[in-house]
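# Residue-level structure breakdown
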Amino acid sequence: MKNEVKSFIDFSSSEIHKALSECGADSYRLNQINDWIYSKYVQKWEDMANLPKDLLMKLSTLAPLHPLEEINCSGLGSDPTQKFLFLTSKKNKIESVLMRQGSRVTVCISSQSGCAVDCDFCATASMGFKQNLSTGEIVDQVLQLSNRSSLKITNVVFMGMGEPFLNYQKVVEAAKIMNEKMNLGSRRITISTAGIVSKIYQMADDKLPFKLAVSLNAPNDEIRKVIMPLTITNPINELLKAAEYYYNKLRRFITFEYVLLENVNSDEKCARQLIHLLKNIPCKVNLIPYNEIESEYKRPSNISINNFERILKEAPFTTTVRWSKGTNIDAGCGQLAVRV
C-alpha cells in the first residue's frame, strides 16, 4: 500500500524545523510561513509572495501544504450558511459548516469521519466510523473556511461529525493551534461531547480554557439509553458528577444541549424532570428543535417547543432555544452525513 502523504500543516514542530533545514531556509522564514497559513489562509505554497521561489519549490516537493481537499460546497457565498465537503488524506469524507449572523461568523467542524457513538436520531451515525482526524485535518477546516469567508471567523464549535472526546488529544491540539496561531479567543472555541464521562474529568484536570457543551437530550437514563446508547456506560448520574467536578475545578458553566424530539423527551413531565436534574449545577441549557432526517423521529410542534421553554423559565439556569441554520442544505445540527 502506498504510504500516506503528510501535509506541512500536520508536521510536528521538530518535523517543521527539519524540513526548513533541509531546504536551507533561515529560521525567520517560519514566522513568514505561519503568517501566510494562519493569518492570510493561503491555499498554495506559491501564494506566499515574500518567500524565495526556490524555497517554495523545495517545500512543495517536500510536502503538500493542506491535508484536506475540498470536493463540494452547498450554498452560495452570499447565503448565511454554507456546507463544505472535504476529502481527507485517507480518502474519507467529512463536512464542515460556515454560518454568518451579522458580525458573528461561526464554523462548525468535524473531529472524525463518521461516528462510533451511534445516537439514534443523528444522521452521522448512518455513516458508521471511518477515522479519527489528524490535528492538521481539524485545523484545516477552519483555515479553508476562513479563506472562503469574506468576514473573519469569530467562533469555532466542535459540533460536526464525530465525537470529539473519542479523538481527545488531536482535538485539544487543534484547539490550541486555533487559539495560539489563529488568535481565536479560548472562550470562542466550544468542544461538544455526547457525554464521555472520563474525558470531562480529564478536560477539567487539564485545565483547558475552552468552553464545554454536553449533549444531554433526556432527563433520565430510560429515555437517554434509547436515543443515546453510550448512556449504558456513561449514565446520567455519573455525567452530572463529572459536570459538578468540572465546574468546581474550573468555575466555568457547562452548556447542556437538549434536542427536542416529539413524543420522546419534549412533554411537561420531561421539562420538570430536567429542572430537578440540573437545578444544583451552574449551567446553561440550549433547546434545539429537532432537524428532521430520514428517521422515525419528528420535531415537536411550535406550541410544544414554546411550552417546554416556558416551563424551564422556572429553573435557576438560563435556557435558550437554538434554531439550527442551513437545514435546507442538510447543514443543521444532526444532519451531517456526507451526501453529494
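The coordinates are above.
Within each chain, residues carry numbers counting from 1 in the order of the written sequence. The predicted origin of the model limits local features to residues at a pLDDT of at least 70 and limits the giving and counting of side-chain atom pairs to 80 or more, whereas totals for whole chains, interfaces and linings rest on all residues. To obtain the side-chain values, all non-hydrogen atoms of the structure were used and water was disregarded.

Before going further, it helps to examine the overall build of the protein. What counts as a helix is a DSSP run of H or I of at least four residues, what counts as a strand is a run of E of at least two, and both are numbered from the N terminus. The secondary structure content of the protein amounts to 10 helices and 12 strands. Computation of the radius of gyration draws on C-alpha atoms alone. For the globule rule, the value is 2.2 Å times the number of residues to the power 0.38. Rg of the C-alpha trace for the protein: 21 Å, near the compact-globule value of 20 Å for 340 residues, within the 12% margin. Out of the 340 residues belonging to the protein, those deemed buried represent 54%. Residue pairs in contact within the protein that sit at least 24 positions apart in sequence constitute 65% of those at least 6 positions apart. Each accessible area is a Shrake-Rupley result for a 1.4 Å probe, and residues are judged covered by the shown protein chains and nothing else. Here the protein has roughly 15,600 Å² of accessible surface; of this, 48% comes from carbon and sulfur atoms. Relative accessibility decides the category of a residue: with a 1.4 Å probe and only protein chains considered, values under 20% of the type maximum give buried, values over 50% give exposed, and everything between is partly exposed. Any pair of residues with heavy atoms lying within 4.5 Å of one another is described as a contacting pair.

This brings us to the layout of surface pockets. Cavity: a set of points on a 1 Å grid over the protein atoms alone where a 1.4 Å probe fits but cannot get out. Pocket: an open set with protein on both sides within 12 Å along at least five of seven lines, its lining residues, like those of a cavity, having an atom within 4 Å of a point. Grid points are joined across faces, edges and corners, and a volume is the space filled by probe spheres set on the points. A volume near 570 Å³ is recorded for the second largest pocket. In terms of lining residues, the second largest pocket is bounded by 30 residues, among which Ile9, Asp10, Phe11, Ser12 and Thr135 are the most central. Those elements that place two or more of their residues in the lining of the second largest pocket are α1 (13–22), α2 (29–38), β6 (129–132), α4 (135–148) and α5 (168–180). Grouping the amino acids of the lining of the second largest pocket by side-chain chemistry returns 10 nonpolar, 10 polar and 10 charged. We call Asp, Glu, Lys and Arg charged. Ala, Val, Leu, Ile, Met, Phe, Trp, Tyr, Cys and Pro are nonpolar, and the rest, Gly among them, are polar.

Unlike most non-glycine residues, tyrosine 41 shows phi in positive territory, near 60°. Overall, tyrosine 41 belongs to the buried group, its relative accessible area being 14%. Notably, lysine 207 is not glycine yet its phi reads approximately 55°, a positive angle. By secondary structure assignment, the location of lysine 207 is in the loop between α6 (197–205) and β9 (211–215).

This part is about the pattern of salt bridges. By convention in these notes, a salt bridge is any Lys or Arg side-chain nitrogen within 4 Å of a carboxyl oxygen on Asp or Glu. Within the structure shown, the criterion is met by 9 salt bridges. The residue lysine 241 makes a salt bridge to glutamate 238 at a minimum N-O spacing of 3.5 Å. Of this pair, lysine 241 and glutamate 238 both sit in helix α8 (residues 236–250), 3 residues apart, which is roughly one turn of that helix. Residue class for lysine 241 comes out partly exposed when judged on its relative accessible area of 46%. Where arginine 272 meets glutamate 314, a salt bridge forms, and the shortest distance between an N and an O atom there is 3.0 Å. A residue pair is termed long-range when its members are at least 10 positions apart, and arginine 272 in helix α9 (residues 268–278) and glutamate 314 in the loop between α10 (302–312) and β12 (318–321) qualify at 42 residues. Via salt bridges that share partners, Glu268, Arg272 and Glu314 belong to a single interconnected network.

What follows deals with the sheet that holds strand β2 (residues 81–87). Two strands qualify as a pair provided that DSSP identifies no fewer than 2 bridges between them. Taken in spatial order, the 10 strands line up as β1-β2-β3-β4-β7-β8-β9-β10-β11-β12 in an open sheet, and their pairing is mixed. The outermost strands of the open sheet, each flanked by one partner alone, are β1 (69–74) and β12. For this sheet, the mean angle separating the axes of adjacent strands, direction not counted, is 20°. Taken together, the 3 bridges between strand β7 (residues 155–158) and strand β8 (residues 189–193) define a ladder with parallel strand orientation. Lines fitted to the C-alpha atoms define the axes, with helices restricted to the stretch that makes contact. Angles between their N-to-C directions range from 0 to 180 degrees.

Now for the packing of α9 against α10. For the pair α9 and α10, the least separation of the axes is 9 Å and the interaxial angle reads 30°. In this view, α9 runs roughly parallel relative to α10, as classed from their interaxial angle. Where α9 crosses over α10, the handedness of that crossing is right-handed. Residues Glu268, Cys270, Ala271, Arg272, Leu274 and Ile275 of α9 form the contact with α10, whose participating residues are Phe308, Ile311 and Leu312. The class makeup of the residues in the contact of α9 with α10 is 7 nonpolar, no polar and 2 charged. Just so you know how the angles are binned, under 35 degrees is roughly parallel, over 145 roughly antiparallel, 65 to 115 roughly perpendicular, and the rest oblique. Crossing chirality is assigned from the near helix's rotation relative to the far helix, an anticlockwise turn below a right angle marking it left-handed and a clockwise turn marking it right-handed.

Assignment of secondary structure puts asparagine 265 in the loop between β10 (254–260) and α9. A relative accessible area of 0% means that asparagine 265 is categorised as buried. In this structure the side chain of asparagine 265 is engaged in a polar contact, spanning 2.7 Å, whose partner is the backbone oxygen of asparagine 217. When residues no more than four places from it in sequence are discounted, the contact partners of asparagine 265 are Asn217, Ile223, Tyr258, Val259, Leu260, Cys270 and Phe308. By the criterion applied in these results, polar contacts are pairs of N or O atoms within 3.5 Å in which, for protein atoms, one can donate a hydrogen and the other can accept it, and in which residues neighboring in sequence qualify only through two side-chain atoms.

For the rest of this paragraph, the subject is the packing of aromatic side chains. Aromatic ring pairs: the centre-centre distance and the angle between the two ring planes describe each pair. Whether two aromatic rings pair depends on their centres lying within 6.5 Å, for rings of Phe, Tyr and Trp, where Trp uses its six-membered ring; planes under 30 degrees apart make the pair stacked, over 60 edge-to-face, and the rest tilted. Per the counting criterion, the structure on display carries 9 aromatic pairs. Ring geometry for phenylalanine 8 and phenylalanine 11: centres 5.6 Å apart, planes at 45°, overall tilted. A relative accessible area of 16% places phenylalanine 11 in the buried class. An angle of 65° between the planes, with centres 6.0 Å apart, marks the rings of tyrosine 247 and phenylalanine 253 as edge-to-face. Taken together, the aromatic side chains of Phe8, Phe11 and Trp45 make up a single cluster linked through ring pairs. For lysine 199, the ring lying beneath its charged end belongs to tyrosine 168, and the centroid distance is 5.1 Å. By definition, being over a ring means that NZ of Lys or CZ of Arg is both within 6 Å of the ring centre and within 35 degrees of the ring normal.

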